[in-house]
Amino acid sequence: MSDTFDKVADIISETSEIPREDITPDSHTIDDLGIDSLDFLDIVFAIDKEFGIKIPLESWTQEVNDGNASTEEYFVMKNLCGKIDDLIKANSA
Amino acid sequence: MQLEYFQMIDKINSYDPVERKLAASSKVPQESPIFEGHFPGHPLMPGVLLIETMAQTSGYLVLATTGFEQMPFLAGVKEGKLRTFVAPETPLEMEAVMVHDGSGFAITKASIKSEGKKICDAQLTFKTLPWQTEDFSAMMKKQALEMGMKAEFVPS
């Protein structure tokens, strides 16, 4: 598993008191892990800090609400970590 | 400061866009209906209103930092410490510093002192949401200006 996945899973576990072993690449952060919107803000804050990025949470949420993206695209762990890797790359480019 | 109207800030004293820091001040009123219940014969400013005071100071910081584009709503209080009692007529000096300006949220650290003595502090989380109406945005800008925020930080 990727370094990003391990770091994000650690953050989620520490922030939301979800057992670390319950978090897998296929976990849906909302549907499977039960993370609510306020806990998600804490998680995004910690991820932003850890990776020096700014997750565009508003635009992701808007895309989902508008029906232009599924929640899986952004909120399943492996996809979330992929998006984070893209943001890190874009930041360092 | 009018506790019963949730007007917790008398004056915005400064806003530093580089340090992303805002300072404000207030004086706890001598009388308020709130003191009739909190507590009869022993008036004390309720701790929740000290948190509200820090939240409003942080709220104007978020507004100024983001150019009044969205309205911040208090969503979380972490490590809130209420260190001492606050009596009527106590002068308060508030400070809020931006910790993180996220997408759809902001995190601040806020504190209140009186005559140099620390009264309370907390880390506050805000959800930032689009203005529901233009009236709401205009009212918040007007209040910021009336409290002393420089016009250069309040878009017209």
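The coordinates are above.
Residues numbered from 1 in each chain as written. Chains lettered and ligands numbered in written order. Predicted model: local features only at pLDDT ≥ 70, side-chain atom pairs only at ≥ 80, totals over all residues. Heavy atoms only, no water.

Quick notes on the overall build of chain B
Our working definition: The helix count covers DSSP runs of H or I at least four residues long, the strand count covers runs of E at least two residues long, and both are numbered beginning at the N terminus. As defined in this context, the radius of gyration uses C-alpha atoms, and a globule is described by 2.2 Å times the residue total to the power 0.38. Only protein chains enter the calculation, and the probe is 1.4 Å; a residue is then buried if its accessible area is under 20% of its type maximum, exposed if over 50%, and partly exposed in between. Note on areas: Shrake-Rupley with a 1.4 Å probe; residue coverage comes only from the protein chains shown. Charge counting follows a simple rule: Lys and Arg are positive, Asp and Glu are negative, and His as well as the terminal groups are ignored. Taken as the charge centre is NZ of Lys, CZ of Arg, CG of Asp or CD of Glu, depending on the residue.
Within chain B, the secondary structure is distributed over 3 helices and 6 strands. Secondary structure elements in chain B, listed N-terminal to C-terminal, are β-β-α-α-β-β-β-β-α. The C-alpha atoms of chain B give a radius of gyration of 15 Å, which matches the 15 Å a tight globule of 156 residues would have. Oriented by its inertia axes, the alpha-carbon framework of chain B measures out at about 45 × 30 × 25 Å. Here chain B, with 156 residues, has 47% of them falling under the buried criterion. Of the accessible surface of chain B, which amounts to about 8,000 Å², a share of 52% is contributed by carbon and sulfur atoms. Charge centroids of chain B, computed over 15 positive and 19 negative side chains, lie 7 Å from each other.

Brief notes about unusual backbone geometry
Backbone phi values are negative for most residues with the exception of glycine, while trans is the configuration of most peptide bonds. With an omega dihedral of -5°, the bond running from His38(B) to Phe39(B) counts as a cis peptide bond. Tracing the sequence through the fold places Phe39(B) in the loop between helix H1 (33–37) and helix H2 (47–65). A positive phi angle, near 55°, is found at Glu17(A), a position not held by glycine. With respect to the element layout, Glu17(A) can be found in the loop between helix H1 (3–16) and helix H2 (37–51). For Glu17(A), a relative accessible area of 73% gives the class exposed.

Here we look at the interface of chain A and chain B
A common way to report how large an interface is uses the accessible area buried once the components associate. Put simply, the rule is: Contacts are assigned to residue pairs that have any heavy atoms within 4.5 Å of one another. Buried area: the accessible area, evaluated with a 1.4 Å probe, that two parts lose upon being put together, summed over both parts. The salt bridge criterion pairs a side-chain nitrogen of Lys or Arg with a carboxyl oxygen of Asp or Glu, the two atoms within 4 Å. For this analysis, a polar contact is any N or O atom pair within 3.5 Å, provided that within protein one partner can donate a hydrogen and the other can accept it, and provided that sequence-adjacent residues contribute only side-chain to side-chain pairs. Throughout this entry, Asp, Glu, Lys and Arg are counted as charged residues, while Ala, Val, Leu, Ile, Met, Phe, Trp, Tyr, Cys and Pro are counted as nonpolar. The remaining residues, Gly among them, count as polar.
Between chain A and chain B, the contact holds 12 residues from the first and 15 residues from the second. Of the roughly 1,100 Å² buried where chain A meets chain B, counting both sides, 60% is carbon and sulfur surface. Its largest share of buried area at the contact with chain B, chain A owes to Leu41(A), Phe45(A) and Glu58(A), together 49% of the area lost on that side. For the pair chain A and chain B, the number of links is 2 salt bridges. The salt bridge partner of Asp42(A) is Lys78(B), with a shortest N-O separation of 3.5 Å. At the boundary of chain A with chain B, the tally comes to 7 residue pairs in polar contact (both at pLDDT 80 or more). Looking at the side of chain A that touches chain B, the elements with two or more residues in it are H2 and helix H3 (57–65) of chain A. Counting residues per element, the side of chain A that touches chain B draws most heavily on H2(A), at 7 residues. Here the residues of the side of chain A that touches chain B sort into 7 nonpolar, 1 polar and 4 charged.

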